[in-house]
Amino acid sequence: MDYYDIDGILSENQKVPCTCNVSIPGLGHEGREVPAGSKVELPFWLAEVLAVNSFVSIHMPIPFSSVVRNALKANPTSVPLRDICSNYYHFSENMLHVISDEQLAQLSLDTLRKRALLIADGALNPQGALQQNSDFINGLDDFEKYLLRTAHSTHRSLTHWQNSTNN
Amino acid sequence: MALPRELEATFSPEEIEFLAGNEYIDIVPLETMDQLPLVSATIPIMKPPRKCRVPLWLALELKRQHRARIVPPEWLDLSNLQSLQEQEMEMDMFSKMPFRWLETAHLLLNACPDDIEDVEEVRRILLTIREARQSKARAGLEAVNEVQLALDNLGAMEINEIRPLFRETMNRMRKIVQVAEEE
């Protein structure tokens, strides 16, 4: 089921920096060979397969650099996740397949938890949230936008039901 | 099954309200009515002024036809609600409301306001209780992790309201932790 998940497929398109351990034919511009030791930016779906066979080594991509990590640790709700990576949580799940980093997992959880609180508030009153908190709302990544949308529609149908008098 | 987008994540309030219709409630029939053999139970002969215990959906229908008066359930009276409200304000946990309190109260307040004493006051108290619980549920979001979350004494409609947000968040967390632990 996860194989066909559109968000998963899209998140694997994120580019990651890699170093080639061997020369790889066909990878370069117009199918030229890429010499060993050169640095390339590959989409994750390609990098993962090559890394499993040790043809390339994957380095820490920008979304998980220490700059971003510190920003997220300090104030998760003020970081525009969308500009960093359009599907941050899915991408961390992907990266954790190849890189083992306990701190990254914990950081993603804490970030999600803190941002989910603000998302829950925004769901109750989207107009107000857009006016006051527009940076946050515009900086939500795809998964968080989905959360906001479903939470809001649940709340709206509940309010509509509560105000209805069926007699 | 392909559902419309709004129903993919959770039940609609109308569906939860429908489920609440199966709870039993007391009525006082206003005229004599024959036995009703139904699938799940047989409704006995109803003779005024003796009270009779029927499913809520039947009670509402009889009330609509002016053939019975509904006796409000014990928890829906003013003094009980006032003490529940005090409990709700004092405790951090949710107070013990009946599981289907929100939808049952909604149905009864719409169908038979004349059978409930101090209807306006009851309405006001229910609204206060609901708001207090809503803010507690939102605070509960802070404690969410990938394994479990205990929110005791939530009503059916309230669970339905928070289900999408909490479930998706916990799912996402669980996937991240699962991957991290595999290494």
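What you see is a predicted model; the values in this text were computed from it and never measured.

Brief notes about the packing of aromatic side chains
Taken as a whole and judged by the stated rule, the model has five aromatic pairs over all chains. Judged by centre distance (5.5 Å) and plane angle (85°), the rings of Tyr88(A) and Tyr89(A) are edge-to-face. For Tyr88(A), a relative accessible area of 0% gives the class buried. Members of the aromatic cluster, joined through ring pairs, are Phe44(A), Phe64(A), Tyr88(A), Tyr89(A), Phe91(A) and Phe143(A). The ring of Phe143(A) is capped by Arg172(B), whose NZ or CZ atom sits 4.9 Å from the centre of that ring.

Examining the UniProt feature "domain: GINS subunit" (unreviewed entry) in chain B
What UniProt calls "domain: GINS subunit" (unreviewed entry) maps, in this numbering, to residues 75-176 of chain B. Between the C-alpha atoms that bound residues 75-176 of chain B there is a distance of 44 Å. The span itself is 66% helix and 0% strand.

Observations concerning the UniProt feature "domain: DNA replication complex GINS protein PSF3 N-terminal" (unreviewed entry) in chain A
On the UniProt side, "domain: DNA replication complex GINS protein PSF3 N-terminal" (unreviewed entry) is annotated at positions that read residues 4-52 of chain A here. Within residues 4-52 of chain A, the helical portion is 31% and the strand portion 22%, while the C-alpha atoms at the span's ends are 22 Å from each other.

Some details on the sheet that holds strand S5 (residues 68-71) of chain B
All names here are of chain B. Taken together, three strands build an open sheet; the order of strands is S4-S1-S5 and the sheet is antiparallel. Strands with a single pairing partner mark the edges of an open sheet, and in this sheet they are strand S4 (52-55) and S5. Put simply, the sheet's adjacent strands are angled 45° from each other on average, direction ignored. Pairing analysis gives four bridges linking strand S1 (residues 24-29) to S5, with the strands arranged antiparallel. Bridge assignment links isoleucine 27 to a residue of S5, and that residue is isoleucine 70. Running at roughly 105° to S4, helix H3 (residues 56-64) makes contact with S1, S4 and S5 of the sheet.

What to know about the state of the cysteines
Summed over all chains, the structure comprises zero disulfides over all chains. Cysteine Cys85(A) is unpaired, with the sulfur of Cys18(A) as its nearest cysteine sulfur at 15 Å. Here Cys112(B) stays unpaired: no disulfide links it, and the sulfur of Cys52(B), its closest cysteine neighbor, is 16 Å away.

Here's the deal with H3(B)
Helical periodicity: at 3.6 residues per turn, an α-helix aligns residues three or four positions apart in one direction. Within H3(B), burial applies to Leu56(B), Leu58(B), Ala59(B), Leu60(B), Leu62(B) and Lys63(B). Once H3(B) ends, the next one or two residues include His66(B), with phi positive near 60°.

Re the packing of helix H9 (residues 142-163) of chain A against helix H7 (residues 156-182) of chain B
The geometry of H9(A) relative to H7(B) is characterised by a closest axis approach of 10 Å and an angle of 175° between their N-to-C directions. For the element pair H9(A) / H7(B), the angle class is roughly antiparallel. In contact with Phe143(A), Tyr146(A), Leu147(A), Thr150(A), Ala151(A), Thr154(A), His155(A), Leu158(A) and Trp161(A) of H9(A), H7(B) contributes Met157(B), Asn160(B), Glu161(B), Pro164(B), Leu165(B), Glu168(B), Thr169(B) and Arg172(B). Each residue belonging to the contact of H9(A) with H7(B) can be placed in one class, and the counts come to nine nonpolar, five polar and three charged.

Reading the values: the criteria
Residues numbered from 1 in each chain as written. Chains lettered and ligands numbered in written order. Predicted model: local features only at pLDDT ≥ 70, side-chain atom pairs only at ≥ 80, totals over all residues. Heavy atoms only, no water. Phe/Tyr/Trp six-rings, centres within 6.5 Å; stacked < 30°, edge-to-face > 60°. Buried < 20%, exposed > 50% of the residue type's maximum accessible area, 1.4 Å probe, protein only. Lys NZ or Arg CZ within 6 Å of the ring centre and 35° of its normal. UniProt positions renumbered as here; feature names shortened; annotations may be inferred. Helix = DSSP H or I, 4+ residues; strand = E, 2+ residues; numbered from the N terminus. Pairing = 2+ DSSP bridges. Axes fitted to C-alpha atoms, helices over the stretch in contact; angles between N-to-C directions. Contact = heavy atoms within 4.5 Å. Disulfide = S-S within 2.5 Å. Parallel < 35°, antiparallel > 145°, perpendicular 65-115°, else oblique. Nonpolar A, V, L, I, M, F, W, Y, C, P; charged D, E, K, R; others polar.

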